[in-house]
Structures are given as structure tokens and as C-alpha cells.
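Residue-level listing of the chains:
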Amino acid sequence: AQSVTQLDSQVPVFEEAPVELRCNYSSSVSVYLFWYVQYPNQGLQLLLKYLSGSTLVKGINGFEAEFNKSQTSFHLRKPSVHISDTAEYFCAVMSGFGNEKLTFGTGTRLTIIP
Amino acid sequence: EAGVVQSPRYKIIEKKQPVAFWCNPISGHNTLYWYRQNLGQGPELLIRYENEEAVDDSQLPKDRFSAERLKGVDSTLKIQPAELGDSAVYLCASSLVNSGGNEQFFGPGTRLTVL
């Protein structure tokens, strides 16, 4: 079975400050990892994903994440946040090729303070 | 290109009433998903279709929930009868599965309130 833990339910950050949203996963097989963002009253939008290769993955809106297999982590980072980054962020895991089931964490609400 | 379309966006019903949600996926996507998102939680998969076939419905409460994807395009999710605990946002997603780790594109969801 696969699972995802997002350690912080809420993260307040001042505008233009850096941010890191933490994600840890568990799975008995190789995984694919995703970060999705959800703005109020909208569906989820993919920020970035890790399938293989370089462990540093760059996504949209200036976000990046690093896959760390030994620590089973996939933390999301942005060097300088903007008001428009206020949203709910979800980490998700998919176990291996042929299994398209996404298992999501409980989400982290990022609030940007002007 | 149009995204995943869902209707209605909001639905309020009394408990024990039936309700149905409709989803039109992105054109050409062969795989369709229904998720339920409870307040303060991440989405949880209810059912996954590959074309017309339901390939994973292990999390679908089959005593009251049903789904169909006729002709491998649009899909309908039904609850009959609804219970208070069914209040949630129901999300539809679609993807073109041709390798591993394919991106799922989500619709805006239907927010269901059961009174």
C-alpha cells in the first residue's frame, strides 16, 4: 500500500520570502511523485512531477521539488512567494508503471502575508 | 482546448434523495477518474475507467453509489439514497494513459451538501 504524509497543515509565509512544503511517502515499490495546487473553488492543477532521472524537478510558477529516495521525501520549494501563491497544495504518489491510482496527502494550506 | 467539464457545480439535497453528477473529459483522453474530497482532506479515488471499462472500483461504496461511462466518453456518478456523510466535493479527472506517471487533469468539481 502507498501513503503520503504532509507534515504541515498550514504554512504562513511573508511575501517574497522562501517557502518549503514538506511531503513524505511510503510505498513498497518504485513510485512516481506529484505536487498539485488547488485554488479556491477550483480543481487541482499539476505543479510538477517526478518520474525518473534528475532528482531536482522544476515546475510551473517558479516551484521546484527534490526527490530523496533515502528519506522517502519530495519537498516542494519556492525561493520567493507571491500573494497569488495562496492556495492548498497536495502531494501525491503513484506506485509504478501501469497503476494510475493517485494517493494524495491531506494538503498544506499556504497563506502569503503581505 | 477545453478542460474537464463537470455539472452541476453545486447541489443541495435532503438525505435519502438521489443525486447524479456528470463529467465530460478532455477530448481524446482514454482514462477517467472520479474522486471524492472531504473537507480538509485530499481527494480519494472512487472509480477509474479505461475507455468503457471500470478497472478500479474498489473504493466505490456499491450499496449506494453507481457510475457509468457510456461510449467511453462522458461519465455519470450517482448516489441513491444520499446520506449526510456523502457531503463532499466530487471531482472528475481524465488522462491519456500511454506510459507511466501520466498527468491527470481535474475538473472544478461538484460540491454536494446533504441536509
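Calculation notes
Residues numbered from 1 in each chain as written. Chains lettered and ligands numbered in written order. Predicted model: local features only at pLDDT ≥ 70, side-chain atom pairs only at ≥ 80, totals over all residues. Heavy atoms only, no water. Contact = heavy atoms within 4.5 Å. Buried area = accessible area lost by both parts, 1.4 Å probe. Salt bridge = Lys/Arg side-chain N within 4 Å of Asp/Glu carboxyl O. Helix = DSSP H or I, 4+ residues; strand = E, 2+ residues; numbered from the N terminus. Polar contact = N/O pair within 3.5 Å; in protein donor to acceptor, adjacent residues only side chain to side chain. Buried < 20%, exposed > 50% of the residue type's maximum accessible area, 1.4 Å probe, protein only. pLDDT = per-residue confidence, 0-100. Disulfide = S-S within 2.5 Å.

When the parts of a complex come together, some accessible area is lost, and that lost area is often taken as the interface size. Contact with chain B, which involves 25 residues of that partner, is made by 20 residues of chain A. Summed over both sides, the interface of chain B with chain A buries roughly 1700 Å², with 52% coming from carbon and sulfur. Applying the counting rule to chain B against chain A returns 0 salt bridges. Of all the secondary-structure elements, those providing two or more residues to the side of chain B that touches chain A are β4 (31-37) and β5 (44-50) of chain B. Among the elements that make up the side of chain B that touches chain A, the one with the highest residue count is β4 of chain B (3 residues).

Quick look at the side chain of glutamine 37 of chain B now. Tracing the backbone through its elements, the reader meets glutamine 37 of chain B in strand β4. Of the polar contacts made by the side chain of glutamine 37 of chain B, one reaches the backbone oxygen of glutamine 41 of chain B; its length is 3.0 Å. Not counting chain neighbours up to four residues away, the residues in contact with glutamine 37 of chain B comprise Gln38 and Phe90 of chain A together with Gly42, Pro43, Ala88, Val89 and Leu91 of chain B.

Turning next to the pattern of salt bridges. Following the criterion strictly, the structure yields 11 salt bridges over all chains and no others. The closest approach of N and O atoms between glutamate 64 of chain A and lysine 58 of chain A, which form a salt bridge, is 2.8 Å. A relative accessible area of 22% places glutamate 64 of chain A in the partly exposed class. The partner of aspartate 57 of chain B in a salt bridge is lysine 62 of chain B, with the nearest N and O atoms 3.8 Å apart. Three or more residues are tied together by salt bridges with common partners; here these are Arg36, Arg64, Glu83 and Asp86 of chain B.

Residue and element names in this part refer to chain B. Mapping arginine 64 onto the fold places it in the loop between β6 (53-56) and β7 (65-68). Judged by its relative accessible area of 12%, arginine 64 is buried. Among the polar contacts made by the side chain of arginine 64, one reaches the main-chain carbonyl oxygen of proline 81 at a distance of 2.8 Å. Separated by 3.3 Å, the side chains of arginine 64 and glutamate 83 make a polar contact. For arginine 64, the contacting residues outside a window of four places in its chain are Lys78, Ile79, Gln80, Pro81, Ala82, Glu83 and Asp86.

All right, on to the confidence of the model for chain A then. Scored by pLDDT, chain A has a mean of 92; 96% of the residues are at 70 or more. No element of chain A has a lower mean pLDDT than strand β10 (residues 87-95) of chain A, which averages 93, and none a higher one than strand β3 (residues 19-21) of chain A, which averages 98.

Residue and element names in this part refer to chain A. One pass over the structure, following the stated rule, counts 2 disulfides over all chains. Disulfide partner of cysteine 23: cysteine 91, at an S-S distance of 2.0 Å. Across the S-S bond linking cysteine 23 and cysteine 91, the dihedral sits near -65°, which makes this disulfide left-handed. Within this pair, whereas cysteine 23 is found in the loop between β3 and β4 (24-26), its partner cysteine 91 is found in strand β10, the two being separated by 68 residues in sequence. On the accessibility criterion, cysteine 23 (0% relative accessible area) is buried. Look at cysteine 91 and you get buried, because its relative accessible area is 0%.

Residue and element names in this part refer to chain A. If you trace the backbone, glutamate 20 turns up in strand β3. Classification of glutamate 20 as partly exposed rests on a relative accessible area of 34%. For glutamate 20, the contacting residues outside a window of four places in its chain are His75, Leu76 and Arg77. Of the polar contacts made by the side chain of glutamate 20, one reaches the side chain of arginine 77; its length is 2.9 Å.

All right, on to unusual backbone geometry then. In this chain, serine 7 of chain B is followed by proline 8 of chain B through a cis amide linkage whose omega measures -10°. Inspection of the secondary structure puts proline 8 of chain B in the loop between β1 (5-7) and β2 (10-13). Geometrically, the link from glutamine 80 of chain B to proline 81 of chain B is a cis peptide bond, its omega value of -5° lying close to zero. Tracing the chain through its elements places proline 81 of chain B in the loop between β8 (75-79) and β9 (88-95). Its identity is not glycine, yet glutamate 16 of chain A carries a phi of approximately 75°, on the positive side. Mapping glutamate 16 of chain A onto the fold places it in the loop between β2 (10-14) and β3. Judged by its relative accessible area of 59%, glutamate 16 of chain A is exposed. A positive phi angle, close to 60°, is found at asparagine 41 of chain A, a residue other than glycine.

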